[in-house]
Amino acid sequence: MAFVSGWWGVVSGGGGHSRGLVRDRRHGRCVKFRGGAAVKWVAKEGIVEQVGREELDQIVAEGVENPGAPPVIIDFYATWCGPCQIIANELKRLAVDYGGRVRILKVDTDREDELATLLMIRGLPTLMFVREGKLLYRMEGALPYDQLRMLTDELFFRPTQDNNPDTASVQP
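Residues numbered from 1 in each chain as written. Predicted model: local features only at pLDDT ≥ 70, side-chain atom pairs only at ≥ 80, totals over all residues. Heavy atoms only, no water.

Enquirer: Give me the overall build of the protein: which residues, what numbers.
Expert: Scanning the protein from terminus to terminus reveals four helices and seven strands. Helices and strands appear in the protein in the N-to-C order β-β-β-α-β-α-β-α-β-β-α. Partitioning the intrachain contacts of the protein with sequence separation of at least 6 by distance along the chain shows that 65% fall at a separation of at least 24. Surface exposure of the protein reaches about 9,700 Å², of which carbon and sulfur atoms provide 51%. (Helix = DSSP H or I, 4+ residues; strand = E, 2+ residues; numbered from the N terminus. Contact = heavy atoms within 4.5 Å. Areas by Shrake-Rupley, 256 points an atom, 1.4 Å probe, with all protein chains shown as cover.)

Enquirer: So what about the confidence of the model for the protein? Which residues, and what values?
Expert: Mean pLDDT over the protein: 76, with 66% of residues reaching 70 or higher. Counted against residues more than four places away or in other chains, residues 1-43, with its pLDDT under 50, gives 77 contacts. Within the model, pLDDT remains below 50 along residues 162-172, and this stretch shows 24 contacts once partners closer than five positions in the same chain are excluded. (pLDDT = per-residue confidence, 0-100.)

Enquirer: Could you give an account of the pairing of strand 6 (residues 126-131), naming the residues involved and the relevant values?
Expert: Along strand 6, six of the six residues are buried, which leaves the element largely enclosed by surrounding structure. Side chains T126, M128 and V130 project from strand 6 onto one buried face, and the interleaved L127, F129 and R131 project onto a second face that is buried too. Bridging between strand 4 (residues 72-77) and strand 6 involves five bridges; their strand directions are antiparallel. Bridging across to strand 6, I74 finds its partner in M128. In terms of strand pairing, strand 6 meets strand 7 (residues 134-140) through six bridges, oriented antiparallel. What sits directly across from R131, in strand 7, is K134. (Buried < 20%, exposed > 50% of the residue type's maximum accessible area, 1.4 Å probe, protein only. Pairing = 2+ DSSP bridges.)

Enquirer: Talk me through the environment of R101; I want residue IDs and the actual numbers.
Expert: Relative to the elements of secondary structure, R101 occurs in the loop between helix 2 (82-98) and strand 5 (103-108). On the basis of relative accessible area, R101 is assigned to the partly exposed category, the value being 45%. On a C-alpha basis, the gap between R101 and F156 in space is 9.6 Å, while along the polypeptide they are 55 residues apart. Apart from the residues lying within four places of it in its own chain, the contact partners of R101 are P70, P71 and F157.

Enquirer: I'd like to hear about the state of the cysteines, residue by residue, with values.
Expert: Under the criterion given, the structure shown has one disulfide. Two residues, C81 and C84, share a disulfide whose sulfurs are 2.4 Å apart. Across the S-S bond linking C81 and C84, the dihedral sits near 80°, which makes this disulfide right-handed. Neither C81 nor C84 differs from the other in exposure class; each is buried. (Disulfide = S-S within 2.5 Å.)

Have a look at this one:
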C-alpha cells in the first residue's frame, strides 16, 4: 500500500501487508493476513489508538476515499519524552469529549523511525491535524487541554468567515 500523496507531500511505495501480517490493535500483536482481506477494527468512542505506518496510511486513505470520515489528530511521541506523557493525558480527555467525531492516533517514533524521518519529525510531541487526507496543521510541543480543544474546534468544526463549513479558518 502506498502512502497517500498530499497529507504529507511524499509518496512512498510499499508492499503493504507483504509479510502477511496485520496488527491486532486490541491485543497489540500481529495476526495472519488471510485471503487478501483483513478484519477492520472500529475504534470505540473516547479511545486513543496506537498505530504503525501501515495502519496510519490506511486510516488517512479512508479519509480521502470517504469525505464523511472523522478528522484525525496524529500524535508522534516517544515513551521517554516528558511532554509527550503530559499531552497523552490531554489527548485522552479530548477523545472522550469528542467521542467518535474526532479520531486520535498515536505513533511511537522510536518504533516507526523511518516514518518519523520521512515526515521530518524533529521535536516531540508533534501533532498533525488531518481531514480528508489533507494536513491542515502541524505543531510541535505540548499544549494545555483548553488550548488543544480550542485548536481542534477551530480546525475541524468552525466555519470560516464565508460560512463554508468545509474549510478550516486556521491555515497551516
